[in-house]
Amino acid sequence: MSPSSLLLSFFESLGERDALVMEGRTKSYRDLVRVMDNSNPMADSIHDTVGVRPQGEASGTNEEPWTFIAALFRALSQHQAFDVGRRPQTLSGLWLQTTGTTGEPKSVHHAWDRWLAQYSLRDRGSSKILQVMALDHIGGLHSLFTALTRGMTVVIPAAKDGFTVHKALQEHAIRILPTTPAHLALLLQSGCFDRLLPDLRLISYGAEAMSSHLKDAIAQRQPHIRWRETYGSTETGILPMSSGSLPGTWRPQFAYRIVEGELWVQGLSGTWMATGDTVEEVSEGLLRYKGRHSARVKVGGVMVSLAQIASWFRTQEHILQAEVNPVPNPIMGQVLEATIWPSPGTDQDQLEQTLRRSIPKDWPKEFAPLRYHFVETVQTNNRLKIQTAP
């Protein structure tokens, strides 16, 4: 049987179990089967309703989630092209769009069989996962497929703010929360974790570097929760890894190389690709993510790694998240500014003084930010990454 046929059989075995919960609406695994089943007499009307056109154009994420998900699985079962952004495609498979952080935005193709090969069909019962990651993004799609190929229930909240997320976590007894460090910082600031969430068992995170203080602050409030860091990209998919013994470290369970500090991995096609991410090999096989490899600028004639400096800030106490960027300067051309998201109640003046005194002594003076900017409220973009500009 083909991977899509095996998936259909798996969904059939789950019957009326809830697959998706969206703003009071519920869809079962049988509903997914109806969308995917070629022999379904309603196939033509489903084909029209979910928006998959003969040319392979598919519904975008501005549409209702069920419309998008139905179109996705219908295209999968029919071996059609599905583009998450409604761009016309002819080659069968899943089409994603890169964000352009490592170059010009581009379309990335994943063959359906190769995409499904990442997931094992295992019935883990009706545990619930909260889907806050965007469905048109690799992280959101990975969360969706991981949950559905394990027979779980995917709960899609109406919004991603702290109040709505906390309500969903409690009302639906959510066990797994996949998200980003920036979103976790937003949830922490909003008080989402102040009350014990006994049903929540696992927080998985990726897309950004995690501040050790942020993780510790949540762990103090929810000591029973396990943590799992994920790594991947639009081109490679989400890659298997395990958490390391040291804070902020992980062990890749995939082939990798480090070239001049930049991580290279093998994509689903087997070719080697530069990820654009800077990592540090703490010990053999143990890596620490530091930031974007492309974030290098000249300050006073010295080449400065913004990722290295921001990574150091994230290890300091009372910092939920940090970024370092160049700003214009009439004398030096440009200097560094550190943007700091402090934990609630932190004395910002005292924190700035402490940080200025604590800059590593073996760094060139150009590595030390001349300006500090503190942001009290975490804001995220549509990818749930930190939003630095209004």
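Right above here is the structure, for reference.
A brief report on the enclosed structure follows. In this text the structure is predicted, and so the values were computed from the model without any measurement.

**Quick look at the nonpolar core**
Next up, step 1: Counting 44 residues, the largest nonpolar core has F11 and F73 as the members making the most contacts within it.
Next up, step 2: For this core, the secondary-structure elements that each account for two or more residues are helix 1 (3-14), strand 1 (18-22), helix 2 (29-36), helix 4 (65-78), strand 4 (93-97), helix 5 (112-116), helix 6 (138-148) and strand 7 (153-156).
Next up, step 3: In terms of residues, this core owes the most to one element, helix 4, which gives 9 residues.
Next up, step 4: With near-sequence residues (within four places) excluded, F11 lies in contact with Y29, L32, V33, M36, F73 and L148.
Next up, step 5: Among the nonpolar cores identified, the runner-up in size contains 33 residues, and V165, L188, A217 and W227 belong to it.

**Notes on the packing of aromatic side chains**
Next up, step 1: Counted by the stated rule, this structure contains 14 aromatic pairs.
Next up, step 2: Aromatic side chains F10 and F11 sit 6.3 Å apart centroid to centroid with 45 degrees between the ring planes, which places their arrangement in the tilted category. Take F10 and F11: they sit in the same class, and that class is buried.
Next up, step 3: Measuring from ring centre to ring centre gives 6.0 Å for W115 and Y119, while their planes differ by 55 degrees; the resulting arrangement is tilted.
Next up, step 4: Here the aromatic residues F10, F11, Y29, F73, W115, Y119 and F145 are joined through ring pairs into a cluster of three or more.
Next up, step 5: The aromatic ring of W272 is capped on one face by R257, whose charged end is 3.9 Å from the ring centroid.

**Remarks on the environment of L116**
Next up, step 1: Examined against the element boundaries, L116 turns out to sit in helix 5.
Next up, step 2: Taking C-alpha positions, L116 is 9.6 Å from L76, a pair spaced 40 residues apart along the chain.
Next up, step 3: Once residues within four sequence positions are removed from consideration, L116 is found in contact with P3, S4, L7, L76 and F145.

About the cut-offs
Residues numbered from 1 in each chain as written. Predicted model: local features only at pLDDT ≥ 70, side-chain atom pairs only at ≥ 80, totals over all residues. Heavy atoms only, no water. Core = buried A, V, L, I, M, F, W, Y, C linked by side-chain atoms within 4.5 Å. Buried < 20%, exposed > 50% of the residue type's maximum accessible area, 1.4 Å probe, protein only. Helix = DSSP H or I, 4+ residues; strand = E, 2+ residues; numbered from the N terminus. Contact = heavy atoms within 4.5 Å. Phe/Tyr/Trp six-rings, centres within 6.5 Å; stacked < 30°, edge-to-face > 60°. Lys NZ or Arg CZ within 6 Å of the ring centre and 35° of its normal.

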